[in-house]
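Coordinate analysis (summary)
Listed below are the residues making up each chain.
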Amino acid sequence: MPKDDILTLKVPGANLVFTRYLYIKDEVKTSLLVSILNKSDDAIFWAYELYYSGFKNELIEFIWQIYYDFFATQNPTFAAYLSTKLSKSSFEDRLISSIVQNLLIRNYNTDVFLLRTISEQFVSEAEAEAETVTVETLLLNEDYRGLASHILNNKERKLEEEIEIYKSALNYFKLTNQEKRIKDLINELSLFDNSSTILLANIMSLININMNKKGINFYVRVDPEEVVQYETIEASADIKSYRILRHGCTRKIENSWGNLFEGFRNQVHNFKDKEKYNEWTSRAVLEKYSDNWLYHAAFSPAWSTRIRLCKGYIDYVNQKVKFVSDDWEDEFNNQFNLEPDEQSLIVKDNALKRSEDKGNWQQFFAKYKRDGLIVVLDEELDALNEMPLKY
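Scope of this entry: the structure provided in the associated data block. All figures in this text were calculated on a predicted structure; none of them were measured in a lab. Numbering of residues starts from 1 in each chain and follows the order in which that chain's sequence is written. With pLDDT at 70 or above as the cut-off, local features in this predicted model cover only qualifying residues; side-chain atom pairs require 80 or more to be listed or tallied, and sums for whole chains, interfaces and linings still use all residues. By convention in this description, side-chain values take in all heavy atoms of the structure and omit both hydrogens and water.

Observations concerning the overall build of the chain
Counting secondary structure elements, the chain contains 19 helices and 2 strands. We compute the radius of gyration from the C-alpha atoms alone; for a globule the expected value is 2.2 Å times N to the 0.38, where N is the number of residues. Against the 2.2 N^0.38 benchmark of 21 Å for 391 residues, the chain shows a C-alpha radius of gyration of 23 Å, consistent with a compact globule. For the chain, the spread of C-alpha atoms along the three principal axes comes to 70 × 50 × 35 Å. Counting across all 391 residues of the chain, residues that qualify as buried make up 50%. Throughout, a contact is declared for two residues whenever any of their heavy atoms are within 4.5 Å. Relative to all contacts within the chain whose residues are 6 or more apart in sequence, the contacts with residues 24 or more apart total 76%. Across the chain, the 48 positively charged side chains and the 61 negatively charged ones have centroids separated by 2 Å. Comment: elements are numbered from the N terminus, with helices defined as DSSP H or I runs of at least four residues and strands as E runs of at least two. Here's how the labels work: a residue is buried when its accessible area is under 20% of the maximum for its type, exposed when over 50%, partly exposed in between, all with a 1.4 Å probe on protein chains only. His is not counted here, nor are the chain ends, while Lys and Arg score as positive and Asp and Glu score as negative. Charged side chains are reduced to one point each, which is NZ for Lys, CZ for Arg, CG for Asp and CD for Glu.

Dropping the structure here:
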């Protein structure tokens, strides 16, 4: 998948990225995921916050990840819909809303997400024999952790071998129309760069089909005018640049699960006292938001384009954005200076305030497991609680 037009070298401060309305990028992604799981329309806003900040390709990849982790097992035919929408050469803005809304109306569970996370984080007891056991035996014994180990822990598997594993599952369930199913799998493998997850999700979907768990087959259609509300607000005679955030930064960042996922606020681990650590990160974020926001916004393609448009450049040594002349800096300020330090408490809280509730993985799976097949083990979740998960 092509990458977004953004600097990928390790440079000072690049671990904190502000989006178009000065949300923290990693928290926008978490907000998108959680809003989808909560069936909240706020998910549309968060998707467009990534999209209009310039992270189109990253958003597409993230949607595929969410689909396979949570939705694919109960909505296997939705992959064809995603393929049609996301692979269009002339990608339309309204497709983002269509995709998110169609995810919001569908059932999901945490099976693939849990199995993949456990497989990546821990050495399974079944892993030692995972390569010798057969898919049929694992399915017969309903050994889904063993199945995940068998599929996920061989990163060097060739396409032909993955197809054979899938054929074994198709034969086990005595499913017909195998040629079409295999063709669909091959097509999916070409669209998303995580073949093992795709294979696992497709086999788990066969289990759901065998248990008569079926998804819905209708789709929401979005008209172009519905998307206008999410377009980036630009400075004009009616709205000065410093007033943009009060009109654009209208959703409160969803970070009640923020401590579970890796992000800027939990990248420093030398604080033993969590309360003091949270105070330190809150001060650090507010300081950067108020005093050095443009440098961190420059890591978003949308802001990088604006800076270049006004003859600006990034001084990575001093972590500042500079302009070739005062006139060009004035031009930038007139069009784009959002003046976050002068914003109301509501705007700052929407962008930065941490939730008082700090959920753990036990609570996460209790809320979102739904009718998943995988039994969640406390000892695994206790271990996961020790370190934020990269997602």
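Section: a negative patch on the surface
A cluster of acidic side chains, namely Asp326, Asp327, Glu329, Asp330 and Glu331, defines a negative patch on the protein surface. Topologically, Asp327 is positioned in helix α16 (residues 326–336). Take Asp327: its relative accessible area is 61%, and that puts it in the exposed class. Only residues whose relative accessible area exceeds 30% and that take part in no salt bridge are eligible for patches, with like-charged residues grouped when within 9 Å of each other and nonpolar side chains (Val, Leu, Ile, Met, Phe, Trp, Tyr) grouped when within 5 Å. Shrake-Rupley sampling with a 1.4 Å probe provides the accessible areas, and residues are treated as covered by the protein chains on show and by no other component. The salt bridge criterion pairs a side-chain nitrogen of Lys or Arg with a carboxyl oxygen of Asp or Glu, the two atoms within 4 Å.

Let's talk about unusual backbone geometry
We note that Lys39 has phi near 60 degrees; this positive angle belongs to a residue other than glycine. Phi angles above zero are rare outside glycine, and Glu142 is one such case at about 55 degrees. Among the secondary structure elements, Glu142 is positioned in the loop between α7 (135–140) and α8 (144–152).

Focus: the side chain of Arg306
Within the secondary structure layout, Arg306 lies in helix α15 (residues 301–309). Residues within four places of Arg306 in sequence aside, it is in contact with Thr232, Glu234, Phe332 and Phe336.

What to know about the packing of helix α6 (residues 111–121) against helix α11 (residues 195–210)
To get an axis, fit a line to the C-alpha atoms, keeping to the stretch in contact for a helix; angles then go from 0 to 180 degrees between the N-to-C directions. Between α6 and α11, the least distance of the axes is 10 Å, while the angle of their chain directions is 135 degrees. Between α6 and α11, the angle falls in the class oblique. For the pair α6 and α11, the sense of crossing is right-handed. Counting all contacts with α6, which are made through Asp111, Val112, Leu115 and Arg116, the residues of α11 involved are Thr197, Leu200, Ala201 and Met204. Here the residues of the contact of α6 with α11 sort into 5 nonpolar, 1 polar and 2 charged. Any angle that is under 35 degrees is reported as roughly parallel, and any over 145 degrees as roughly antiparallel; angles of 65 to 115 degrees are reported as roughly perpendicular and all others as oblique. Helix crossings get a hand from a simple test, with the near helix turned counterclockwise from the far one by less than a right angle marking a left-handed crossing and a clockwise turn marking a right-handed one. Under the scheme applied here, ten amino acids are nonpolar (Ala, Val, Leu, Ile, Met, Phe, Trp, Tyr, Cys and Pro), four are charged (Asp, Glu, Lys and Arg), and all others, including Gly, are polar.

Here's the deal with a nonpolar patch on the surface
There is a patch of nonpolar side chains on the surface, built from Tyr313, Val324 and Trp328 and spanning about 300 Å² of accessible area. The topology assignment puts Trp328 in helix α16.

Side note on α8
Burial analysis of α8 places 8 of its 9 residues in the buried class, which makes it a mostly covered element. Within α8, the full set of buried residues consists of Tyr144, Gly146, Leu147, Ala148, Ser149, His150, Ile151 and Leu152. Here the buried face of α8 lies against α6, α7, α9 (159–172) and α11.

Concerning empty space enclosed by the protein
Only protein atoms enter the 1 Å grid used here. Points where a 1.4 Å probe fits but cannot escape make up a cavity, open sets with protein on both sides within 12 Å along at least five of seven lines make up a pocket, and a residue lines them when an atom lies within 4 Å of a point. Grid points are joined across faces, edges and corners, and a volume is the space filled by probe spheres set on the points. What the rule picks out here adds up to 3 cavities of 30 Å³ or more. Approximately 90 Å³ is the volume found for the largest cavity. Looking at the largest cavity, the residues that line it are Asp26, Glu27, Thr30, Glu254, Asn255, Gly258, Phe261, Glu262, Gly263, Arg265, Asn266 and Arg354. Of the residues assigned to the lining of the largest cavity, the class counts are 1 nonpolar, 5 polar and 6 charged.

Describing the pattern of salt bridges
A side chain of one charge can pair with a side chain of the opposite charge when the charged atoms of the two come close. With the rule as written, the count across this model stands at 14 salt bridges. The salt bridge involving Glu380 is made with Arg145; its shortest N-O contact spans 2.9 Å. Of the two residues, Glu380 sits in helix α19 (residues 378–384) while Arg145 sits in helix α8, which places them 235 residues apart along the sequence. Residue class for Arg145 comes out partly exposed when judged on its relative accessible area of 23%. With a closest N to O distance of 2.5 Å, Asp223 and Arg221 form a salt bridge. Assessed through its relative accessible area of 26%, Asp223 is described here as partly exposed. Through salt bridges with shared partners, a single network forms among Lys25, Lys29 and Glu58.

Describing the side chain of Ser53
Assignment of secondary structure puts Ser53 in the loop between α2 (42–52) and α3 (56–71). N or O atoms within 3.5 Å of each other form a polar contact, as long as, within protein, one can give a hydrogen and the other can take it, and as long as residues adjacent in sequence are counted only when both atoms are side-chain atoms. Here Arg20 takes part through its backbone nitrogen, which lies 2.9 Å from a polar atom of the side chain of Ser53.

Describing the nonpolar core
The nonpolar core is taken to be a set of buried Ala, Val, Leu, Ile, Met, Phe, Trp, Tyr and Cys residues, with the residues joined through side-chain atoms within 4.5 Å. Counting 117 residues, the largest nonpolar core has Met204, Trp361 and Phe364 as the members making the most contacts within it. Counting residues per element, this core draws most heavily on α3, at 10 residues. Among residues more than four places away in sequence, those in contact with Phe364 are Leu37, Phe113, Trp257, Leu260 and Phe261.

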